[in-house]
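Notes for the structure review
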Amino acid sequence: REGAVEWETNPMAFKKTGNGTLRYTANRHLYQNRNLLGDCDVEAGALLLDGDALYQVTAKVASGAFIGGTGTVQNVTLAEGAGFAATAGQKNRLNVTGDLTMPETGVIEIANPDGLPLDEVGARLVQVGGTFTRPASFAGWKVKVDGVETDLAISATATTLRAGAQDGLMLFVR
């Protein structure tokens, strides 16, 4: 797919450029002798994180770019017009162990590869362990399914019950 990764001076700091989707899959045990620190700038397209190799990384997502996946990242800051990417029916979510900052406007893009009816489309997006800064309402946020704007609702709660532990935040679309 279209897109590129530019590595910074710190080998774990990088920029995601280009309109394509980059799926970053790695676990920290693969990098036992590396300090996985730095920033990840998502300038365009989508960065899907799977695994926990970026557990100490702060992701900054630019307007028009997306972040998603089922992995772990320390902090996420979305610019106005940035958003989340997910797949319809997604049960696992992006785990933000630190802080998530959401702007007043943004987009949630849901891929629907199985062609589910719209009333069955939903996705768990993110769980936050730290401070969750969000807009007072989600009125400025759009939910798109396969690129088409819908009237699906966005819900956020301060806590969620998962695997017997109650903490963090779950943001989901239904």
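Attention here is on the structure that accompanies the text. Note that the coordinates shown come from a computational prediction; the quantities given were computed from them, not determined experimentally. One numbering rule holds for all chains: residues counted from 1, following each sequence as written. Since the coordinates come from a predicted model, pLDDT governs what is reported: local features require at least 70, and pairs of side-chain atoms require 80 or more to be given and counted, while whole-chain, interface and lining totals use all residues. Side-chain numbers here rest on the full set of heavy atoms in the structure, without hydrogens or water.

Helix and strand content of the protein chain: 0 helices and 21 strands. Under the scheme applied here, a residue whose accessible area is under 20% of the maximum for its type counts as buried, over 50% as exposed, and between as partly exposed, the area being computed with a 1.4 Å probe on protein chains only. Per-residue burial over the protein chain gives 44% buried out of 174 residues. Pairs at least 24 residues apart make up 54% of the contacts formed inside the protein chain by residues separated by at least 6 positions. Approximately 8,600 Å² of the protein chain is accessible, and the part contributed by carbon and sulfur atoms is 46%. Secondary structure follows DSSP: runs of H or I at least 4 residues long count as helices, runs of E at least 2 residues long count as strands, and numbering of each begins at the N terminus. Note on contacts: a residue pair qualifies if any of its non-hydrogen atoms lie within 4.5 Å across the two residues. Surface exposure here means Shrake-Rupley accessible area, sampled with a 1.4 Å probe, where a residue is shielded only by the protein chains that are shown.

A few words on the pattern of salt bridges. For side chains bearing opposite charge, pairing can occur when the charged atoms are close. Any carboxyl oxygen of Asp or Glu within 4 Å of a side-chain nitrogen of Lys or Arg constitutes a salt bridge here. Counted by the stated rule, this structure contains 3 salt bridges. The residue Asp39 makes a salt bridge to Lys60 at a minimum N-O spacing of 3.3 Å. Here Lys60 lies in strand E6 (residues 57–61) and Asp39 lies in strand E4 (residues 38–42), a separation of 21 residues in the sequence.

Attention shifts here to the side chain of Gln127. Considering the arrangement of structural elements, one finds Gln127 in strand E14 (residues 123–128). Gln127 gets classed as buried once you look at its relative accessible area, which sits at 8%. Any pair of N or O atoms that falls within 3.5 Å is considered a polar contact. Within protein, one atom must be able to donate a hydrogen and the other to accept it, and sequence-neighbouring residues count only if both atoms are side-chain atoms. A polar atom in the side chain of Gln127 sits 2.3 Å from the side chain of Arg93.

As a further point, take unusual backbone geometry. A positive phi angle, close to 50°, is found at Asp146, a residue other than glycine. Mapping Asp146 onto the fold places it in the loop between strand E16 (141–145) and strand E17 (148–150).

Once that is clear, we can look at the environment of Ser63. With respect to the secondary-structure elements, Ser63 resides in the loop between E6 and strand E7 (66–69). Along the primary structure Ser63 and Leu78 are separated by 15 residues, whereas in three dimensions their C-alpha atoms are 7.7 Å apart. A polar atom in the side chain of Ser63 sits 3.0 Å from the backbone oxygen of Glu80.

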